[in-house]
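The lines below spell out each chain.
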Amino acid sequence: MLPRKRAVAGEVVDDDSDNTGTSSIKKHRISSSAAGTETTVNNNNSGSSLGNNSGNSNHSGGSEVELQIMALGDGNPPDIDEDLHSRQLAVYGRETMRRLFASNVLVSGLQGLGAEIAKNLILAGVKSVTLHDEGTVELWDMSSNFIFSENDVGKNRALASVQKLQELNNAVVISTLTTKLTKEDLSDFQAVVFTDINFEKAIEFNDYCHSHQPPIAFIKAEVRGLFGSVFCDFGPEFTVFDVDGEEPHTGIIASISNDNPALVSCVDDERLEFQDGDLVVFSEVHGMTELNDGKPRKIKNARPYSFTLEEDTTNFGTYEKGGIVTQVKQPKVLNFKPLREALSDPGDFLLSDFSKFDRPPLLHLAFQALDRFISELGRFPVAGSEEDAQKLIFISSNINESLGDGKLEDINPKLLRHFAFGARAVLNPMAAMFGGIVGQEVVKACSGKFHPLFQFFYFDSVESLPTEAPDSSDFKPLNSRYDAQISVFGSKLQKKLEDAVVFMVGSGALGCEFLKNVALMGVSCGNQGKLTITDDDVIEKSNLSRQFLFRDWNIGQAKSTVAASAAQTINPCLHIEALQNRVGPETENVFNDAFWENLSVVINALDNVNARLYVDQRCLYFQKPLLESGTLGAKCNTQMVIPHLTENYGASRDPPEKQAPMCTVHSFPHNIDHCLTWARSEFEGLLEKTPAEVNAFLSNPTEYASAMRNAGDAQARDNLERVLECLERERCETFQDCITWARLRFEDYFVNRVKQLIFTFPEDAATSTGAPFWSAPKRFPHPLQFSAADPGHLYFVMAASILRAETFGIPIPDWAKHPKKLAEAVDKVIVPEFQPKTDVRIVTDEKATSLSTASVDDAAVINELLAKIDQSWKSLPPGFRMNPIQFEKDDDTNYHMDLIAGLANMRARNYSIPEVDKLKAKFIAGRIIPAIATSTAMATGLVCLELYKVLDGGHKLEDYRNTFANLALPLFSMAEPVPPKVIKHRDMSWTVWDRWILKDNPTLRELLQWLKDKGLNAYSISCGSCLLYNSMFPRHRERMDKKVVDLAREVAKVELPAYRSHLDVVVACEDDEDNDIDIPQVSIYYG
């Protein structure tokens, strides 16, 4: 649990507790003295300070290669708070997180970009962040910095930032430096980031960092209007331990030839993801055991289900069966050039937009020209000043002429003019985007996880500028918090932003970032503007590592309400309404036609596809722009859905995830995912569904019995058998009964069922075709032998018995969690002998959807079971009810994940599958979506660059950009959106965006005639699933003079609520040549 922090008279008070439960309250003075002081807010118990020399890198268990990476600071970082960082752990893993926790980072320049970088690093949980800035807060900074308020104007930027940034993560030490930096100051850090530094000073600092032992990672980043740049130098030899962060690929072997080179074939269960040149290791190979030596071997000719091995296996043993092949991930060493060399010899630029392939060299030149402009004139170019723009173009031309062979043919004066006009401004969307990119680069520098940016990255979004060029007077500052943004876009677009009516769906990680962005941009901050945000979720601890508008004292509160309040703190002018409604058909009375029709734009901040599809359909229907985005670990994507210009979100779908067959999960698992899927299913069956079924019976025995008899199927029979087990054979009254139940469950799951399986299908069993039954991917299992001395066995019994007691409302004694006493109680359990049966049917059909088999005797068995349950019920105490347990993955004290991990790992032992720890089990069984703050920030920054275009209006398709990015590689891929499919008929054309509207409450005849006038013969009209008219049915001609709305009420039984003023019908048409024509949806207005 994060320590609770509150401000008291200039002090930060931490309410911390040590392991003994006693409270220790520490007070740290936050200095507000003049520039030249250093302040520290220290909120952890490590006692560490920024004085640690970067050479102190003795990480526990570190190898020589590991020590070369960077200075890793304290060798004993604090334990990882898995509740807080679970989503981030799913991306980085424990080792990377430990390296982060030992890293000290300097962020110099606390305008918008510096604030975003610091935010992302503090959320990630580095050891310390030192904020450096010699300047004071100006009103100009309000366009991009979410930390400052107007009360901070005149204060030192670093000092004004420390308190609010500290609230993001109390475990990070946050310090400030407010005087000029010296090279020697940099030796305290593993990584240094500069966001506002000239090239001369940058080269001096970078030379020092590059030659330092060990090297200090140096990053120079700039955001200038709609242009941005990043330069990275992590030293002469930087080791990347994991270039992409993906799990090593594996394959299940089907055969290996005795050849030179050897051909390895794998089962066609899943396509292989190997590439030529990959190194792989083999294990569990029978026959050709020489391959099991653990030696990495290179592969070539990689195919979807086979590859060749660069090895002569002619004299190896003959392959018999089995075997797993696993990719070996290799470290990669990068040789960075210092900035001094890289400026004149930049190498390949990282490209983001292939339509701008010639842009990076030009921007490389432009940023150098801007640096020279500022050096000569002592200021930035003035927005709208043609004189300053020409001066910058002149400087650029001079630099270009000096490049010799590297000279650019065209320096694009028009682009340089835009660059000059916006050069002083730091825009929030650009700061958010680059804050994500640079934050991720710092993580790479400190951990060796993911491939660094090598070495220059340039980006621009000039397409975001208004389609009509503003007058030079339109750029003049208005003495407002939006002056920096006005200097780029002009005051007319600013007014459009302020008057926008926006609907934001979701206020989680994406939603928090979006709210911060739009508040700083001034969206919905005018008299006509309004932002409605809705989210039906509440804040949990695991949200705090990336949903940065929330604090630990907000846990349990509504996300939308807290986020809206925090956004208004960033910009008090924001007109925002927070709702807790899920967006769907059931809330169309809240989000009614008038609501949708009044919107300017919809921003999705959702985490599931179904909700996205629903919002997409509403935007399609009401022809509203939809800005869509999503993240998955270090990956993010954005999609612009613009009326009549682009296809809609639902026009293309990802293929559904491949599900393992039921028989594989229940009897023939061959990976840990299968074991965890089974474990989650058993957990829900034993602890949630069966107790709920018992309560359903106890609440109304007569009605329940009637429902079961009416169902009369195998499922009803199975339900009743489980209810009877709970109330009779397996009913628990004492905690010892729960231990007995748990011990016998162990025997049933991991001993008896396996004995029955290998009795039914012995190791030498064959299929009907004569092939070995136990061939890949099937793994032959072995029963376990229970031992109270085995921690895995005992822990399974502990978790199972505690949760069983919970379902029966039985108190849990303290000794239940004491291994020795629990073992003594387990030893008292009498375990009956098991004899396999000959008539047991085990499902092997991969297409089977149920393990239950119907029987002609089901009805009779159901009656018999109901009679037995009736008898058991009478012996229960009055008012008895069970307590169903709903699975909750994010509470590490509730034993839910302990039981699921225990179930899965014991089953994995049965089948000789590698086991996983509880955290990895939580990721898989809890279906946790990996998430980090950096990719979220980048996605929202990119979307808000598109928001400028949407609210300006008039932009063409080629101005918009969809993006896919992977910060791990790094990869940025931007492209125009896909236009919608056009359907043509006669001289008309339409797309999915069109809706045909008929007003004045027409009759069926009038509707048919209206279509006839367009050359369309309607032969079928339906409303919902009901047919209103079909030309084949003579009786339907009697409906001709009825109003279409009345037909819908009478025939389709449609209820039209008061807030609805129209009815939608689907019409099937053909032309005069009897060709089917797919026409738009038809809306009949009757109000």
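Residues numbered from 1 in each chain as written. Predicted model: local features only at pLDDT ≥ 70, side-chain atom pairs only at ≥ 80, totals over all residues. Heavy atoms only, no water.

Student: I'd love a proper account of helix α11 (residues 428–447), names of residues and values included.
Tutor: For α11, built from 20 residues, the straight-helix expectation of 28 Å at 1.5 Å per residue is met to within 8% by its first-to-last C-alpha distance of 28 Å. Along α11, 20 of the 20 residues are buried, which leaves the element largely enclosed by surrounding structure. (Helix = DSSP H or I, 4+ residues; strand = E, 2+ residues; numbered from the N terminus. Expected span 1.5 Å × (residues − 1). Buried < 20%, exposed > 50% of the residue type's maximum accessible area, 1.4 Å probe, protein only.)

Student: Describe in detail the pattern of salt bridges, supporting the description with residues and values.
Tutor: Opposite charge on two side chains permits them to pair, given that their charged atoms come into close proximity. Summed over all chains, the structure comprises 69 salt bridges. Arg224 is the salt-bridge partner of Glu222, the closest N and O atoms lying 3.0 Å from each other. Among the ionic pairs, Lys391 bridges to Glu376, the shortest N-O distance being 3.3 Å. Taken together, the residues Lys391 in helix α9 (residues 386–401) and Glu376 in helix α8 (residues 359–377) connect sequence positions 15 residues apart. Classification of Lys391 by relative accessible area gives partly exposed; the value is 29%. With a relative accessible area of 46%, Glu376 lands in the partly exposed category. Several salt bridges converge on common partners, so that one network encompasses Asp353, Lys356, Arg359, Asp460, Glu463 and Arg961. (Salt bridge = Lys/Arg side-chain N within 4 Å of Asp/Glu carboxyl O.)

Student: Account for the side chain of Asn752, naming residues and giving values.
Tutor: Tracing the backbone through its elements, the reader meets Asn752 in helix α22 (residues 735–760). Residue contacts for Asn752: discarding those within four places in its chain leaves Glu747 and Phe834. (Contact = heavy atoms within 4.5 Å.)

Student: Quick rundown of the sheet that holds strand β15 (residues 297–300)? Include the residues and the values.
Tutor: Read around the closed barrel, the six strands follow the order β12-β13-β16-β15-β14-β17; overall the barrel is antiparallel. Strand-to-strand twist in this sheet, taken as the mean axis angle between neighbours without regard to direction, amounts to 50°. Pairing between strand β14 (residues 279–283) and strand β17 (residues 324–328): five bridges, direction antiparallel. Bridging across to β17, Phe282 finds its partner in Val325. (Pairing = 2+ DSSP bridges. Axes fitted to C-alpha atoms, helices over the stretch in contact; angles between N-to-C directions.)

Student: Explain the environment of Val754 residue by residue, including any values.
Tutor: Relative to the assigned elements, Val754 resides in helix α22. For Val754, a relative accessible area of 3% puts it in the buried group. Separated by 87 residues in sequence, Val754 and Ser667 have C-alpha atoms that sit 8.7 Å apart. Beyond its immediate chain neighbours, meaning those up to four positions away, Val754 contacts Tyr749, Pro781, His782, Pro783 and Asn910.

Student: Could you give an account of the side chain of Glu693, with specific residues and numbers?
Tutor: With respect to the helices and strands, Glu693 occurs in helix α19 (residues 672–699). Despite its burial, Glu693 pairs with no opposite charge; the closest candidate is Arg722, at 6.0 Å N-O. A distance of 2.7 Å separates polar atoms of two side chains, one belonging to Glu693 and the other to Tyr704. Setting aside chain neighbours within four positions, we find Glu693 in contact with Tyr704, Met708, Asn719 and Val723. (Lys, Arg positive; Asp, Glu negative; His and termini not counted. Polar contact = N/O pair within 3.5 Å; in protein donor to acceptor, adjacent residues only side chain to side chain.)

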